[in-house]
Amino acid sequence: MARPVTIVTGGSRGIGAATCVRLAADGHDLALGYVSNGAAAEETAAAVRAAGARCVTVRVDTAEEADVERLFDTAAAELGPVTGLVNNAGVTGPLGRLADARTADLRRVIEVNLLGYLLCCRRAARDMAARGSGAIVNISSTAATLGAPGEYVHYAAAKAATDALTVGLSKELGPDGIRVNAVAPGIINTEMHAAMGDPDRPARAAAGIPLGRPGEPTEIAAAVAWLLSDDASYTTGTVLRVSGGR
Ligand code: NDP
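Residues numbered from 1 in each chain as written. Predicted model: local features only at pLDDT ≥ 70, side-chain atom pairs only at ≥ 80, totals over all residues. Heavy atoms only, no water.

**Re the overall build of the protein chain**
Reasoning step 1: For the protein chain, the count of helices and strands is nine helices and seven strands.
Reasoning step 2: Whereas a compact globule of 246 residues would reach a radius of gyration of roughly 18 Å, the protein chain reaches 17 Å, a difference of no more than 12%.
Reasoning step 3: For the protein chain, the spread of C-alpha atoms along the three principal axes comes to 50 × 35 × 35 Å.
Reasoning step 4: Counting all 246 residues of the protein chain, 49% fall into the buried class.
Reasoning step 5: Within the protein chain, contacts between residues separated by at least 24 positions form 72% of all contacts whose residues are at least 6 apart in sequence.
Reasoning step 6: For the protein chain, the exposed surface amounts to about 10800 Å²; the carbon and sulfur share of it is 54%.
Reasoning step 7: Distance from the positive charge centre (23 side chains) to the negative charge centre (26 side chains) of the protein chain: 2 Å. (Helix = DSSP H or I, 4+ residues; strand = E, 2+ residues; numbered from the N terminus. Rg over C-alpha atoms; globule rule 2.2 N^0.38 Å. Buried < 20%, exposed > 50% of the residue type's maximum accessible area, 1.4 Å probe, protein only. Contact = heavy atoms within 4.5 Å. Areas by Shrake-Rupley, 256 points an atom, 1.4 Å probe, with all protein chains shown as cover. Lys, Arg positive; Asp, Glu negative; His and termini not counted. Charge placed at Lys NZ, Arg CZ, Asp CG, Glu CD.)

Now the structure itself:
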């Protein structure tokens, strides 16, 4: 049987990188997207190849249609027909109240976290429908339901839209044999918190998490791997919270 070919956006670091390594161990070949950190992308690609998988790295800004088209074209040309998509690339911008936010930061969060997901889902839908099968996993956030007041309500809004996209698209694409699910992480130990200007956020949040600690990227990767696998063959339209109970 042909190996699954999966695209992971934002595969260079954090949750995306852990997902690439986990999927390689599960037998996937990978197209790994990154936007700026080529060194991290190559490091993750090396780990993927060490697990016996084929891997191509592609520089792509998921908010740009031409980049997304090139990502899918490259994956298909180098690895074969794409069977899976993990929409993971995301940004938060600086933490703060909406009243203080800059328009450019609001626009960027919506463009990457929502338009980018739509562009990738659209191309995946076209390619997968032509083959009559496929699986998509969108990385959402518990912010979608908690709202993230005082931190980033615009990001929470984009993630709530991701949940709606997941449910709607699962209904649209079910008849084409394509499953669409989401994973909503809680607070996970990645560089994203430092990028928001709050590197200690995961440690500080531990007290409010029923399991008493932030999550690790590998724990999100495990959920993604399950949703892409045949073990989840009857699961679609689901938002799976992986948050330590938060
Ligand atoms: P990181 O900040 O650790 O990594 C972000 C990744 O996205 C990098 O690979 C980065 O590439 C890539 N990226 C950023 N912008 C773009 C873009 N415009 N086009 C393409 N790639 C881009 O993030 P996390 O691993 O923490 O987060 C991954 C996903 O999980 C996001 O969707 C996030 O919203 C979600 N999430 C994270 C949580 C957490 O606590 N960490 C909690 C809930 C959800 P490069 O390396 O080149 O910069």
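Next comes the rest of the account.
**Here we look at the sheet that holds strand β2 (residues 29-34)**
In sheet architecture, strand pairing relies on hydrogen bonds along the backbone and comes in two forms, parallel and antiparallel.
Reasoning step 1: Spatially, the seven strands line up as an open sheet ordered β3-β2-β1-β4-β5-β6-β7, and their pairing is parallel. The open sheet terminates on both sides in strands that have one partner only, identified here as β3 (55-59) and β7 (239-242). On average, each strand axis in the sheet is tilted by 15° relative to the strand beside it, whichever way the strands run.
Reasoning step 2: Those strands touched by helix α4 (residues 103-131) are β4 (84-87), β5 (134-139) and β6 (178-185), and its axis lies near 175° from that of β4. (Pairing = 2+ DSSP bridges. Axes fitted to C-alpha atoms, helices over the stretch in contact; angles between N-to-C directions.)

**Here we look at the environment of G96**
Reasoning step 1: Positionally, G96 belongs in the loop between β4 and α4.
Reasoning step 2: Expressed as a C-alpha distance, the spacing of G96 and A160, which sit 64 residues apart in the sequence, is 19 Å.
Reasoning step 3: In this view, G96 contacts G150, E151 and Y152; residues no more than four positions away in its chain are not counted.

**With respect to the environment of A47**
Reasoning step 1: Residue position: A47 is located in helix α2 (residues 38-50).
Reasoning step 2: The spatial distance from the C-alpha of A47 to the C-alpha of C20 is 8.8 Å, given a sequence separation of 27 residues.

**Considering the nonpolar core**
Reasoning step 1: Ranked by size, the top nonpolar core spans 51 residues in total, and within it I7, L30, L85, I136, V183 and V224 carry the most contacts.
Reasoning step 2: The residues touching I7, leaving out its near neighbours within four places in the chain, are A31, L71, F72, A75, V82, G84, L85 and V86. (Core = buried A, V, L, I, M, F, W, Y, C linked by side-chain atoms within 4.5 Å.)

**Notes on the side chain of D61**
Reasoning step 1: Of note, D61 is situated in the loop between β3 and α3 (65-79).
Reasoning step 2: Side-chain polar atoms of D61 contact the side chain of R108, separated by 3.0 Å.
Reasoning step 3: Setting aside its immediate chain neighbours within four residues, D61 contacts V35, D67 and R108. (Polar contact = N/O pair within 3.5 Å; in protein donor to acceptor, adjacent residues only side chain to side chain.)

**Things to note about the packing of helix α1 (residues 14-25) against α2**
Reasoning step 1: Following both chains from N to C, one finds α1 and α2 inclined at 15°, their axes separated by 8 Å at the closest point. Classified by the angle their axes make, α1 and α2 are roughly parallel. Along this stretch, α1 crosses α2, giving a crossing that reads as right-handed. Contact residues: A17, C20, V21 and A24 in α1; T44, A47 and V48 in α2. (Parallel < 35°, antiparallel > 145°, perpendicular 65-115°, else oblique. Left-handed = near helix turned anticlockwise from the far one by under 90°.)

**Observations concerning the packing of aromatic side chains**
Reasoning step 1: Following the criterion strictly, the structure yields one aromatic pair and no others.
Reasoning step 2: The interplanar angle of 55° and the centroid separation of 4.5 Å between the aromatic rings of Y152 and Y155 together place this pair among those described as tilted. By the burial criterion, Y152 is buried, and Y155 matches it. (Phe/Tyr/Trp six-rings, centres within 6.5 Å; stacked < 30°, edge-to-face > 60°.)

**Details of α3**
Think of an α-helix as 3.6 residues a turn; residues three or four steps apart then line up on the same face.
Reasoning step 1: A rise of 1.5 Å per residue sets the reference length of α3, with its 15 residues, at 21 Å; its end C-alpha atoms lie 21 Å apart and thus fit the reference within 8%.
Reasoning step 2: Those residues of α3 that fall on the buried side of the exposure criterion are D67, V68, L71, F72, A75 and L79. Seen end-on, α3 carries its buried residues on one side only, within an arc spanning 135°. Exposed and oriented more than 90 degrees from the buried face of α3 are A66 and A77.
Reasoning step 3: Of the surrounding secondary structure, the elements contacted by the buried residues of α3 are β1 (5-8), β2, β3, β4 and α4.
Reasoning step 4: G80 occupies a position one or two residues after α3 and carries a positive phi of about 110°. (Expected span 1.5 Å × (residues − 1). Arc of directions from axis to C-beta.)

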